[in-house]
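# Commentary on secondary and tertiary structure
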Amino acid sequence: MMDRRAVTRALAGVTIGGAALLDELEPWLQPTVRDGRPARRGRLGRLDVAELESTARAFRAWDHKFGGGLRRKSVLGQLNEIAGHLEEQQTEEIEQRLFRVMAQLAGTAATMAWDSGLQRRAQDYYRLALRASHAGGDMQFGANVLAGMARQMLYGDRAHDALELIRLAQDGSRKAAVPRVRAMLHTREAWAYAAMG
């Protein structure tokens, strides 16, 4: 028998792959469909969203500089706040920008979880980042998210899954990706082929 902490540690390293992962990500290639659900009127303006965008960039910079999960709870708190704002009826511009902030925060939470050894949780945040970048119309950031997921698969000896994630990223960002993103995707593709021998 393993105690609860040992089970949690064991499960934290498990990620899903193959069809279970890829089928869920295929909708990233399709146009976004907005639901018509009624919601209470949002009060956020452009200045409010600009402050949220600045905060998301600051969290990302902290993660790049220090790594690890020391600030993960702060990122998750901010992510929760963004989700609350998205439950309200915002203008289309504000909603799109909020989804982009959500994508940035979820991507940061994913790398922080990964640094902390929480592989499955990192994968969940990556999927949230991908859905949010899709809803926010930011296919270039979505391609970066998929590249991060592919890198995670490569570290887990799942080169075939990594290659499929890169294919999704390349297909979904074909029109939006700048040369730097395309080069990064080709590099990840090469890593996957190298790992496959």
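These figures come from a predicted structure and were not determined experimentally.

Within the protein, the secondary structure is distributed over 9 helices and 0 strands. Along its sequence from the N terminus, the protein presents helices and strands in the succession α-α-α-α-α-α-α-α-α. With 197 residues in all, the protein has 46% of them scored as buried. Of the contacts formed within the protein by residues at least 6 apart in sequence, a portion of 75% connects residues at least 24 apart. Total accessible area computed for the protein in this model is approximately 11,100 Å², and 52% of it derives from carbon and sulfur atoms.

Let us now look at the packing of aromatic side chains. Throughout the structure, instances matching the rule amount to 2 aromatic pairs. Pairing Phe59 with Trp62 gives two aromatic rings, centres 5.3 Å apart and planes at 80 degrees, and the pair type is edge-to-face. Here Phe59 and its partner Trp62 are both found in helix α3 (residues 46-66), 3 residues apart, which amounts to about one turn of the helix. Judged by relative accessible area, which is 37%, Trp62 ranks as partly exposed. Centroid distance Trp114 to Tyr155: 5.6 Å. Interplanar angle 80 degrees. Geometry classified as edge-to-face. Separated by 41 residues along the polypeptide, Trp114 in helix α5 (residues 92-115) and Tyr155 in helix α7 (residues 139-155) bring together distant segments of the chain.

In an α-helix, one full turn covers 3.6 residues, which means residues spaced three or four apart are oriented alike. With 15 residues, helix α4 (residues 72-86) extends 21 Å between its outermost C-alpha atoms, agreeing within 8% with the 21 Å of an ideal straight helix rising 1.5 Å per residue. Listed in full, the buried residues belonging to α4 are Arg72, Val75, Gln78, Leu79, Ile82, His85 and Leu86. Angular distribution of buried residues about the axis of α4 spans 135 degrees; they occupy a single face of the element. Within α4, the exposed residues directed more than 90 degrees away from the buried face are Lys73 and Asn80. For α4, the elements touching its buried residues are α3, α5 and α6 (119-135).

Conventions adopted
Residues numbered from 1 in each chain as written. Predicted model: local features only at pLDDT ≥ 70, side-chain atom pairs only at ≥ 80, totals over all residues. Heavy atoms only, no water. Helix = DSSP H or I, 4+ residues; strand = E, 2+ residues; numbered from the N terminus. Buried < 20%, exposed > 50% of the residue type's maximum accessible area, 1.4 Å probe, protein only. Contact = heavy atoms within 4.5 Å. Areas by Shrake-Rupley, 256 points an atom, 1.4 Å probe, with all protein chains shown as cover. Phe/Tyr/Trp six-rings, centres within 6.5 Å; stacked < 30°, edge-to-face > 60°. Expected span 1.5 Å × (residues − 1). Arc of directions from axis to C-beta.

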